[in-house]
Amino acid sequence: SSSMRSLMRDVAVVTILIAAFLHEATAQFSVDKAMAQISGRDVKQADKWALSQKSSFDASKAAIAKLTEHVERHPQDVSSYIKLGVELQKFSTRVRSNGMIQMDALRAYNQALKLGVEEKALATGQGSKLETLYHNMGVLHYSMGNTADALTSFDKLLATAESPKLRGEGLQYRGEVYTHAGKFALAMADYRAAVAVDTRNAGAWYRLVRLLKEHPTCEEDLTIKR
């Protein structure tokens, strides 16, 4: 289909960008090593860090290339599109100009949706796949400023997630989206719900207290019990 060809074309471009970035990163590691020598820092530690980073980049590149080849040969393999999206999303957190890679991760996730991942997961009792999918799509949309799409993804996550930790994360992220949109009362409700289902969610506690401090009139004060 045209959407599948578009996905394959875009992913091919991403793999080229990854290769270019790895080359750039390797060059940067050489600069870091030289600067370490000049400043008298521990060059061995700098070398060790550079090698570990390059190894991580190489592993991501290999995983993306392997999954890209797999979905080209098996275009109906829903789980592989999700795995490809996850790998692209993970890699996007490591690069400076990550907008295009984030878009390709979303395209991979959307392809899984088009292939009926929701219906298949519900029919086979594999709801955890949907939880991961909705969570990751929500995070991507939020980081890219797509407020409406982020809310849709987090709403779907909260409708399916069962674990307290994942529900807490979903509520926290949705609260952040509401905060960004200026809907402070809705954000407050989500932060409260997040710490209620997962009392160890430090991010939700922090955002709740900050919201109370910055917008004290949107709800009554909260007493935090340690």
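For the structure given in this document, a descriptive report is provided here. Here the structure is a predicted model, which is why all the values come from computation and not from measurement.

Procedures and definitions
- Residues numbered from 1 in each chain as written.
- Predicted model: local features only at pLDDT ≥ 70, side-chain atom pairs only at ≥ 80, totals over all residues.
- Heavy atoms only, no water.
- Helix = DSSP H or I, 4+ residues; strand = E, 2+ residues; numbered from the N terminus.
- Buried < 20%, exposed > 50% of the residue type's maximum accessible area, 1.4 Å probe, protein only.
- Contact = heavy atoms within 4.5 Å.
- Areas by Shrake-Rupley, 256 points an atom, 1.4 Å probe, with all protein chains shown as cover.
- Core = buried A, V, L, I, M, F, W, Y, C linked by side-chain atoms within 4.5 Å.
- Expected span 1.5 Å × (residues − 1).
- Axes fitted to C-alpha atoms, helices over the stretch in contact; angles between N-to-C directions.
- Parallel < 35°, antiparallel > 145°, perpendicular 65-115°, else oblique.
- Left-handed = near helix turned anticlockwise from the far one by under 90°.
- Nonpolar A, V, L, I, M, F, W, Y, C, P; charged D, E, K, R; others polar.
- Phe/Tyr/Trp six-rings, centres within 6.5 Å; stacked < 30°, edge-to-face > 60°.

What about the overall build of the protein?
Counting its regular elements, the protein contains ten helices and zero strands. When the helices and strands of the protein are read in sequence order from the N terminus, they spell out α-α-α-α-α-α-α-α-α-α. Classification of the 226 residues of the protein by burial places 38% in the buried group. Once local pairs closer than 6 in sequence are excluded, the contacts in the protein between residues at least 24 apart make up 56%. Accessible surface, the protein: about 12600 Å² in total, of which carbon and sulfur atoms supply 55%.

Some thoughts on the nonpolar core
Counting residues in hydrophobic clusters, the biggest one holds 45 residues, and the most contacted among them are Leu 84, Tyr 109 and Val 117. In contact with Val 117, not counting residues within four places along its chain, are Val 78, Ile 82, Ala 112, Leu 130 and Leu 133.

Some details on helix α4 (residues 99-114)
Taking 1.5 Å per residue as the helical rise, α4 with its 16 residues ought to reach 22 Å, and the 22 Å between its terminal C-alpha atoms agrees with that figure. Those residues of α4 lying buried are Ile 101, Gln 102, Asp 104, Ala 105, Leu 106, Ala 108, Tyr 109, Gln 111 and Ala 112. Two residues or fewer past α4, Gly 116 is found with a positive phi of approximately 85°.

Let's talk about the packing of helix α7 (residues 147-160) against helix α8 (residues 164-180)
At their nearest, the axes of α7 and α8 sit 9 Å apart, and the two run at 155° to each other. Overall, the two elements α7 and α8 adopt an arrangement that is roughly antiparallel. At the point where α7 passes α8, the crossing takes the left-handed sense. Touching Thr 147, Ala 150, Leu 151, Phe 154, Asp 155, Leu 157 and Leu 158 of α7 are Leu 166, Arg 167, Gly 170, Leu 171, Tyr 173, Arg 174, Val 177, Tyr 178 and His 180, all from α8. Partitioned by chemical class, the residues of the contact of α7 with α8 number ten nonpolar, three polar and three charged.

Brief notes about the packing of aromatic side chains
Under the counting rule described, the total for this entry stands at one aromatic pair. Ring centres of Phe 154 and Tyr 173 lie 5.5 Å apart, and the angle between their planes is 5°; this geometry places the pair in the stacked category. Taken together, the positions of Phe 154 in helix α7 and Tyr 173 in helix α8 put the pair 19 residues apart, joining distant regions of the chain. We classify Phe 154 as buried; its relative accessible area is 0%. Judged by its relative accessible area of 23%, Tyr 173 is partly exposed.

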